[in-house]
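This is what each chain is made of:
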Amino acid sequence: MSENEANTENQGQASAGANAERRGFQAEVKQLLQLMIHSMYSNKEVFARELISNASDALDTLRFEGLKNDALFEDEPELKIWIDYDKEARTVTIGDNGIGMTRDQVIDRIGTIAKSGTRAFLDSLSGDEKKDAHLIGQFGVGFYSAFIVADQVVVDTRRGGESTGVRWISDGGGEYTLEEVEKAKRGTEVTLHLREGEDEFLDDYRLRHLVRTYSDHIAFPIKMREQLSEEDEKEGKGAGWEQVNRGAPLWTQSKSEISDEDYAEFYKHACHDYEDPLTWTHNKVEGSQEYTSLLYVPKRAPYDMFDPQGKQHGVKLYVQRVFIMDDAEKLMPRYMRFVKGVIDSNDLPLNVSREILQSNKLLDKIRAGSVKKVLGLLESMARDDDEPEKYKTFWNEFGQVLKEGIVEDNENRDKIAKLLRFKTTTDQDADPGVSLDEYIARMKDGQEKIYYITADTLAEAKHSPHLEIFKKKDIEVLLLTDRVDEWVMAHLTEYEGKEFASVAKGALDLGEAETEEEKAEQKKLEEESKDLVERVKTALGERVNEVRVTHRLTDSPACLVADENGISGHLERILKEAGQAMPNQAPHLEINPTHPLVDKLASEQGEEEFEAFSQLLFEQAVLAEGGELDDPATFVRRMNQMLLAVSKGAA
Ligand SMILES: Nc1ncnc2c1ncn2[C@@H]1O[C@H](COP(=O)(O)OP(=O)(O)OP(=O)(O)O)[C@@H](O)[C@H]1O
C-alpha cells in the first residue's frame, strides 16, 4: 500500500467489483506468461528489478512531460517509489507516483505485447528451460515477471491529470479484469499476492537487500517503512518512511566510487537486460560543452537486431539528469545499435523537443564524441591479450552490425576496419578471426594487395576455383560470407595504403608475387591458345562477355570472372533474391589450357560437339561459383551425352 494511502486492502486475494470488465490476454501474452513462470523461476528475484525499473521509467516520463505541463505534478512534486509488504495478506506492493496509465494504456501496455517479431520469438523457444530463460531475458521479462512469485497481481493506476483510476487484476491465466476505481494519488501500485512458498519476500531485510542489490543507483528515492525498535513499538509509535537506496544516478558519481558490481546492476536496471554487460565506458566531458556518458556493450545480441521494426532500448538522453528520450538513432549511428546506456548533457535546453533534436549541433558533437569513445572501448578490448574471450564474444555477437559502419561512417572507416575480423584461407578456424593488421604482417614478398572472396557459405568460399593460384603461391585470402560483406567491400577500397582486390573480379594481377619467368610463360600460353579462345567465344556467343586464358586456375578447367568495375556473381545473386531488377551482364569466362578437359576440347573437330563441350564448361563454372543455371535440364542432358561418349570410348 502506498506511503500516502491507508491500507484498505487486506486478507486474501482481491476480487473484481460488480462493474468490472473481463478481458482476454493477447494469445502471445498467455504463452509468454506460462513460459516466464517456468523458465525464469531460478531468477525469481528479477521481478523486483523489473517493477522498480518500470516505476522509475514512469517517474522519468512524468518529469519530462511535467516540463511542459506543470499540472501533471498535482500537489505532489516529490517523486518517489515505495515498497511495502503485508504479512497477513501475504502481499508485496511496489508503488510510484509517476505518470500512471489511463484505461486504454493499461489495455495496450499490460494486456498486449507490442514488440515486433514476438510470434517468431515465441516459436524459437526450445522448451529447454535454461536456454529459454536466456532468450526470455533478452526479449525483456518486464512486468510479467511479477507472476513468477505471485499468483495474483493487482495494478492500481491513475494517470497524472486524470480524475479516475483503473484497477487491473489477473491471476496470470488467460484473462484479466478491469474496473474504474477512486485513486487519490497519481501513479501506479503493483500488488503481488504471493504464491505458496514465496513468503521469503515478506521480510523487511530481504526486500531492503533486493533494493540495494538491484536498484541502489536509480535516480529516485525508494522508500520503505522504518524498522521500529522494541521500545518504539511498546510506546505504540507508528513507522515513518525512509529511503533505502542511494538514489543518486550512477553516472553522476565519480568512477572511483563505483564498483564493477554497481556498474553491472545499473546496466541491468537502466537497459532492461538480465545478464551482466560485456564492458562499459564512463566519461565526463568538460570544456566547451559538458556531458557525461555511460555506455555499455551487452553480452548478447537482441533477438531483433536485424529487424528494421525492432524497438531497441539503446541509449537514453538526459538533460541535467532529466530523462528526455529513448531513441538510439539520434545519439548513436545505426551500426552502433548494440550500444546501451545513458548520455546526460548539461548544455541542451531542458525544454528540448524531438524536432529540435533532429538537427542540433550540440547533439551532433555529443554523438561524434560518444562514437569515438565506443570505438576506443572496442579497440582496447580487441588489444586485451589477458581477456581475449571478451572481444571474441563481442565480434561473434555484433561483428556483422559493426561492419555496417564501414558503409555508414566515412570518418571512422579506418578505425572500424582495424576492428574487423576475418576467416581466411590460412586460418579458417580463427575465432574471432584474423585482423587486417595481422593479414598485412604476413603478406608474401612482393604481394601488394589484400585479396578476398565473397560467397554464401564458408565451404563455398573455401572450395572456389578462384583460389587455386593463391593456394599454389601460398597467398592468404579473406573469406567473406556475411550478407553485408558485398556492401562493406564496395566501400572498403584500401587499408593502410593497401588496396583490396576480389579474387573473382577483373584480370588477376599478382604483382611482384609472380616471377618474370612465370609472367613469360603465361604470355606464351595466351599466344598458343588464341584460336581456342576465339572458338569458345563463338560457341558461347552472348552467354559470355569475354573468353580469356586464366591466370588463377591450376586444377579446374574454367571459371567465371566479373568485370573489374562490375558486380560479382555473388552480389548479383543477392540482389536478384532481394527482387532487384538486374541488367543482364554476361561474365568473363576464363579457361585453363593446361587442364586435360580443355586440351580435349581444343582437339574436338566436330562443331556441334565443340559447342556442347564449351557450354558444359561454362555451366560447370556457373555451378562452381554457387550460381544457378538458366536451363538445368539441358545441362544434365549434355552431361549425360558426354558421359556416354566417354564410356563408349573406354569400352
Ligand atoms: N509503474 C508503471 N507506471 C506506468 N506505466 C507502466 C508501469 N509499469 C509498466 N508500465 C507500462 O507498461 C509497459 C509494459 O511494461 P513491461 O515492463 O512489460 O515492458 P517494458 O518496460 O516496455 O520493456 P521490458 O520488457 O524491456 O521491461 C511499459 O512500457 C509502460 O508503458
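Residues numbered from 1 in each chain as written. Predicted model: local features only at pLDDT ≥ 70, side-chain atom pairs only at ≥ 80, totals over all residues.

Turning next to the overall build of the chain. A tally of regular secondary structure across the chain gives 24 helices and 22 strands. In terms of C-alpha radius of gyration, the chain reaches 33 Å, well past the compact-globule figure of 26 Å for 651 residues. Seen through its principal axes, the chain has C-alpha atoms that stretch 115 × 55 × 45 Å. In the chain, buried positions account for 39% of the 651 residues. Partitioning the intrachain contacts of the chain with sequence separation of at least 6 by distance along the chain shows that 74% fall at a separation of at least 24. (Helix = DSSP H or I, 4+ residues; strand = E, 2+ residues; numbered from the N terminus. Rg over C-alpha atoms; globule rule 2.2 N^0.38 Å. Buried ≥ 20, exposed ≤ 12 C-beta atoms within 10 Å, placed from the backbone. Contact = placed C-beta atoms within 7 Å.)

Moving on: the pairing of strand E14 (residues 340-345). The buried fraction of E14 is high, at 6 of 6 residues. Strand direction decides the pairing type here: strand E11 (residues 291-297) and E14, joined by 6 bridges, are antiparallel. When the bridges of E14 are listed, Ser-293 appears paired with Ile-343. Alignment of strand E12 (residues 315-319) against E14, held across 5 bridges, turns out to be parallel. Each residue of the ladder has a partner; that of Val-319, found in E14, is Ser-345. (Pairing = 2+ DSSP bridges.)

Okay, the nonpolar core next. Counting residues in each nonpolar core, the largest one holds 90 residues, and the members touching the most others are Tyr-451, Ile-453 and Val-477. When residues in this core are grouped by element, the largest group, 7 residues, is from helix H12 (residues 361-383). Filtering out sequence-adjacent residues up to four positions away, Tyr-451 remains in contact with Phe-470, Ile-475, Val-477, Leu-478, Ala-501 and Val-503. By size, the runner-up hydrophobic cluster in this structure holds 58 residues, among which are Val-106, Val-149, Trp-168 and Val-211. (Core = buried A, V, L, I, M, F, W, Y, C linked by C-beta atoms within 7 Å.)

The next thing to look at is the sheet that holds strand E22 (residues 588-591). Spatially, 3 strands are ordered E20-E22-E21 in an open sheet, and the strand pairing comes out mixed. Where the open sheet ends on each side, the last strands, each with one partner, are strand E20 (547-549) and strand E21 (558-561). Averaged over all pairs of adjacent strands, the angle between their axes in this sheet comes to 30 degrees, without regard to strand direction. Contacts from helix H20 (residues 530-540) reach E20 and E22, with the element oriented near 155 degrees to E20. Against the sheet, helix H23 (residues 607-624) touches E21 and E22, its axis set at about 65 degrees to E21. (Axes fitted to C-alpha atoms, helices over the stretch in contact; angles between N-to-C directions.)

All right, on to H12 then. When the terminal C-alpha atoms of H12 are compared, their 33 Å separation across 23 residues agrees well with the 33 Å that a helix rising 1.5 Å per residue should span. The complete set of buried residues in H12 reads Leu-363, Ile-366, Ser-370, Val-371, Val-374, Leu-377, Leu-378 and Met-381. (Expected span 1.5 Å × (residues − 1).)

This paragraph deals with the UniProt feature "coiled-coil region" (unreviewed entry) in the chain. Under the local residue numbering, the UniProt record ascribes the feature "coiled-coil region" (unreviewed entry) to residues 508-542. Structurally, residues 508-542 comprises 69% helix and 0% strand, and the distance from its first C-alpha atom to its last is 23 Å. (UniProt positions renumbered as here; feature names shortened; annotations may be inferred.)

One open sheet holds the 5 strands; their spatial order is E10-E11-E14-E12-E13, and the pairing between them is mixed. With partners counted over all chains shown, the strands left at the sheet margins are strand E10 (279-285) and strand E13 (322-326), one partner each. Averaged over all pairs of adjacent strands, the angle between their axes in this sheet comes to 15 degrees, without regard to strand direction. Relative to the sheet, H12 contacts E10, E11 and E14, its axis offset from that of E10 by approximately 140 degrees.

Time to look at the packing of helix H2 (residues 46-68) against helix H7 (residues 204-215). Where H2 meets H7, the closest approach of the two axes is 10 Å, and the angle between their N-to-C directions is 65 degrees. Here H7 runs roughly perpendicular to H2, going by the angle between their axes. The element H2 and its partner H7 pack so that their crossing is right-handed. Contacts from Ala-48, Arg-49 and Ile-52 of H2 reach H7 at Leu-210, Tyr-214 and Ser-215. Partitioning the contact of H2 with H7 into residue classes produces 4 nonpolar, 1 polar and 1 charged. (Parallel < 35°, antiparallel > 145°, perpendicular 65-115°, else oblique. Left-handed = near helix turned anticlockwise from the far one by under 90°. Nonpolar A, V, L, I, M, F, W, Y, C, P; charged D, E, K, R; others polar.)

On to unusual backbone geometry, then. The linkage connecting Asp-431 with the following residue, Pro-432, adopts the cis geometry, with an omega of 10 degrees. In this structure, Pro-432 sits in the loop between strand E15 (423-424) and helix H15 (436-441). Despite not being glycine, Glu-74 shows a phi value in the positive range, around 50 degrees. Along the chain, Glu-74 turns up in the loop between H2 and strand E2 (81-86). Residue Glu-74 is classed as partly exposed on the basis of its C-beta count, with 15 C-beta atoms lying within 10 Å. Non-glycine residue Gln-320 carries a positive phi angle of around 45 degrees. If you trace the backbone, Gln-320 turns up in the loop between E12 and E13.

In this section: the pairing of strand E4 (residues 150-158). A regular strand carries its side chains on alternate faces of the sheet. Burial within E4 is extensive, with 8 of its 9 residues counted as buried. By the bridge criterion, 8 bridges tie E4 to strand E7 (residues 187-194) in an arrangement that is antiparallel. Each bridged residue has a counterpart across the sheet, and for Val-155 the counterpart in E7 is Val-190. Where E4 meets strand E5 (residues 165-170), 5 bridges bridge the pair, whose relative direction is antiparallel. Counted as the bridge partner of Thr-157 is Val-166 from E5. Between the antiparallel neighbours E4 and E5 lie 6 residues, among them Gly-161 with a positive phi of about 90 degrees.

Time to look at the domain arrangement of the chain. Entries for the chain in the domain assignment read domain 1 (21-247), domain 2 (252-388), domain 3 (421-513) and domain 4 (516-650). The C-alpha centroid of domain 3 is placed 53 Å from the C-alpha centroid of domain 1. (Domains from an automatic or database assignment.)

Let's shift gears to the confidence of the model for the chain. Scored by pLDDT, the chain has a mean of 88; 95% of the residues are at 70 or more. We note a pTM of 0.77 for the whole complex and an ipTM of 0.96 for its interfaces. (pLDDT = per-residue confidence, 0-100.)

In this section: the packing of H12 against helix H13 (residues 388-408). Two numbers describe how H12 lies on H13: the axes approach to 7 Å, and their chain directions differ by 125 degrees. Compared by their axis directions, H12 and H13 come out oblique. Note on element contacts: H13 touches H12 through Lys-390, Tyr-391 and Phe-394, opposite Leu-378, Met-381 and Ala-382. When the residues that make up the contact of H12 with H13 are grouped by side-chain class, the tally is 5 nonpolar, no polar and 1 charged.

Examined against the element boundaries, Leu-560 turns out to sit in strand E21. You can call Leu-560 buried: it has 23 C-beta atoms within 10 Å. Remark: the alpha-carbon pair of Leu-560 and Phe-618, spanning 58 residues in sequence, is separated by 7.9 Å. Beyond its immediate chain neighbours, meaning those up to four positions away, Leu-560 contacts Gly-569, Pro-587, His-588, Leu-589, Ala-621, Val-622 and Glu-625.

Let's shift gears to the environment of Gln-358. Relative to the helices and strands, Gln-358 resides in helix H11 (residues 354-358). C-alpha separation for the pair Gln-358 and Lys-330, spaced 28 residues apart in sequence, amounts to 7.3 Å.

As for its position among the elements, Glu-397 is in helix H13. Classification of Glu-397 as partly exposed rests on a count of 18 C-beta atoms within 10 Å. Residues Glu-397 and Leu-480, spaced 83 residues apart in sequence, show a C-alpha to C-alpha distance of 17 Å. What Glu-397 contacts, discounting residues up to four positions off in sequence, is Arg-300 and Ala-301.

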